[in-house]
Amino acid sequence: QVQLVESGGGLVQAGGSLRLSCAASGRTFSSYAMDWFRQAPGKEREFVAGVSWSGGVTHYADSVTGRFTISRDNVKNTVYLQMNSLKPEDTAVYYCAAENTAWVRREADYWGQGTQVTVSS
């Protein structure tokens, strides 16, 4: 079992940057692949980025490739999402998620409560 708490969301102008953080509880954080998903109003939740247990392998949705970077710190039990060149279509609630596997499957087993990101045009 792992508990996840996101932070770092907010309001930013188009072209700006934000960094989301997700703090995880538990001593086995390094055994989980970690993901970020997002859900915009009226849309289904979608995968944004994922990172393997060691941080060595990352995956991104096509819509964010080249703009977002996922990383993790297994000492601090934290995963990050650096978001640059933000667009209004990035507006959504962003969720941190953990997978019961070392490698990214894009299927979450545990969810955080979400943090709102709003990008104004």
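Computed from a prediction, not measured in an experiment: that's the story for all the values here.

## Some words on unusual backbone geometry
Line of reasoning, step 1. Backbone geometry at Asn77 places phi at a positive 55 degrees, although glycine is not the residue there.
Line of reasoning, step 2. Here Asn77 shows up in the loop between β7 (68-73) and β8 (78-83).
Line of reasoning, step 3. Although it is not a glycine, Arg106 adopts a positive phi angle of roughly 65 degrees.
Line of reasoning, step 4. One can find Arg106 in the loop between β9 (92-99) and β10 (110-111).

## Details of the sheet that holds β8
Line of reasoning, step 1. The sheet built from 4 strands is open, its strands ordered β1-β3-β8-β7 with antiparallel pairing. At either end of the open sheet lies a strand with only one pairing partner, and these are β1 (4-7) and β7. Each strand axis lies, on average, 15 degrees off the axis of its neighbour in the sheet, ignoring direction.
Line of reasoning, step 2. Strand direction decides the pairing type here: strand β3 (residues 18-24) and β8, joined by 6 bridges, are antiparallel. Within β8, the residue paired with Leu20 across the bridge is Leu81.

## Section: the environment of Gly16
Line of reasoning, step 1. Relative to the helices and strands, Gly16 resides in the loop between β2 (10-13) and β3.
Line of reasoning, step 2. The spatial distance from the C-alpha of Gly16 to the C-alpha of Glu107 is 29 Å, given a sequence separation of 91 residues.

## Let's talk about a nonpolar patch on the surface
Line of reasoning, step 1. A surface patch of nonpolar side chains, about 300 Å² in accessible area, is lined by Trp53, Val57 and Trp103.
Line of reasoning, step 2. Checked against the element boundaries, Val57 lands in the loop between β5 (46-51) and β6 (58-60).

## Notes on the state of the cysteines
Line of reasoning, step 1. Per the counting criterion, the structure on display carries 1 disulfide.
Line of reasoning, step 2. Here Cys22 engages in a disulfide with Cys96; their sulfurs sit 2.1 Å apart. When the S-S torsion is -80 degrees, as for the bridge of Cys22 with Cys96, the disulfide is left-handed. Note that Cys22 is positioned in strand β3 and Cys96 in strand β9, a separation of 74 residues in sequence. With respect to class, Cys22 is no different from Cys96; both count as buried.

Definitions and cut-offs
Residues numbered from 1 in each chain as written. Predicted model: local features only at pLDDT ≥ 70, side-chain atom pairs only at ≥ 80, totals over all residues. Heavy atoms only, no water. Helix = DSSP H or I, 4+ residues; strand = E, 2+ residues; numbered from the N terminus. Pairing = 2+ DSSP bridges. Axes fitted to C-alpha atoms, helices over the stretch in contact; angles between N-to-C directions. Patch = residues over 30% accessible without salt bridge, like charges linked within 9 Å, V, L, I, M, F, W, Y side chains within 5 Å. Areas by Shrake-Rupley, 256 points an atom, 1.4 Å probe, with all protein chains shown as cover. Salt bridge = Lys/Arg side-chain N within 4 Å of Asp/Glu carboxyl O. Disulfide = S-S within 2.5 Å. Buried < 20%, exposed > 50% of the residue type's maximum accessible area, 1.4 Å probe, protein only.

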